[in-house]
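# Secondary and tertiary structure notes
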Amino acid sequence: MHALKPWHIAVLVVVLILLFGAKRLPDAARSLGRSLRIIKAETKSLADDDRDLAGKADAQAGYQPYPPQQPAPPQQQPYQGTVQQPVVDPVQRVREN
């Protein structure tokens, strides 16, 4: 009852030719084929990415970080024999005079 019979296909082809014309049907079929190839390639790459992520997650499951390191004590600079003068703002110096 719901089977597609050969005359259904023939009627469908005739209607498509009348609607789009014989020149545009090959172009439409070609672009549909390209679109399907692109979709297939993208879904395959998504599946590959999922597999790669699963493999990386398995590899990182045994990962243990290094223990935190203690900060090094500050080293004292030896006395150089000079005393640094305090830095004075030139604007402040002008205001004082």
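Residues numbered from 1 in each chain as written. Predicted model: local features only at pLDDT ≥ 70, side-chain atom pairs only at ≥ 80, totals over all residues. Heavy atoms only, no water.

### Some remarks on the overall build of the chain
A count of helices and strands for the chain gives 3 helices and 0 strands. If you list the helices and strands of the chain from N to C, you get α-α-α. When the accessible surface of the chain is split by element, carbon and sulfur atoms take 61% of a total near 10300 Å². (Helix = DSSP H or I, 4+ residues; strand = E, 2+ residues; numbered from the N terminus. Areas by Shrake-Rupley, 256 points an atom, 1.4 Å probe, with all protein chains shown as cover.)

### Notes on helix 1 (residues 6–20)
Counted at 1.5 Å a residue, the expected span for helix 1 with its 15 residues is 21 Å, and the 21 Å between its end C-alpha atoms agrees. Positive backbone phi, approximately 90°, marks Gly21, located one or two places after helix 1. (Expected span 1.5 Å × (residues − 1).)

### Structural notes on the pattern of salt bridges
Counting across every chain of the model gives 1 salt bridge. Asp27 is the partner of Arg30 in a salt bridge, and the nearest nitrogen-oxygen pair spans 2.9 Å. Here the residue Arg30 and the residue Asp27 both occupy positions in helix 2 (residues 24–60), the gap between them amounting to 3 residues, near one helical turn. Residue Asp27 is classed as partly exposed on the basis of its relative accessible area, which comes to 44%. (Salt bridge = Lys/Arg side-chain N within 4 Å of Asp/Glu carboxyl O. Buried < 20%, exposed > 50% of the residue type's maximum accessible area, 1.4 Å probe, protein only.)

### Remarks on the confidence of the model for the chain
Across the chain, pLDDT averages 79, with 77% of residues at or above 70. Per-element confidence in the chain ranges from a low mean pLDDT of 72 for helix 3 (residues 90–96) to a high of 88 for helix 1. (pLDDT = per-residue confidence, 0-100.)

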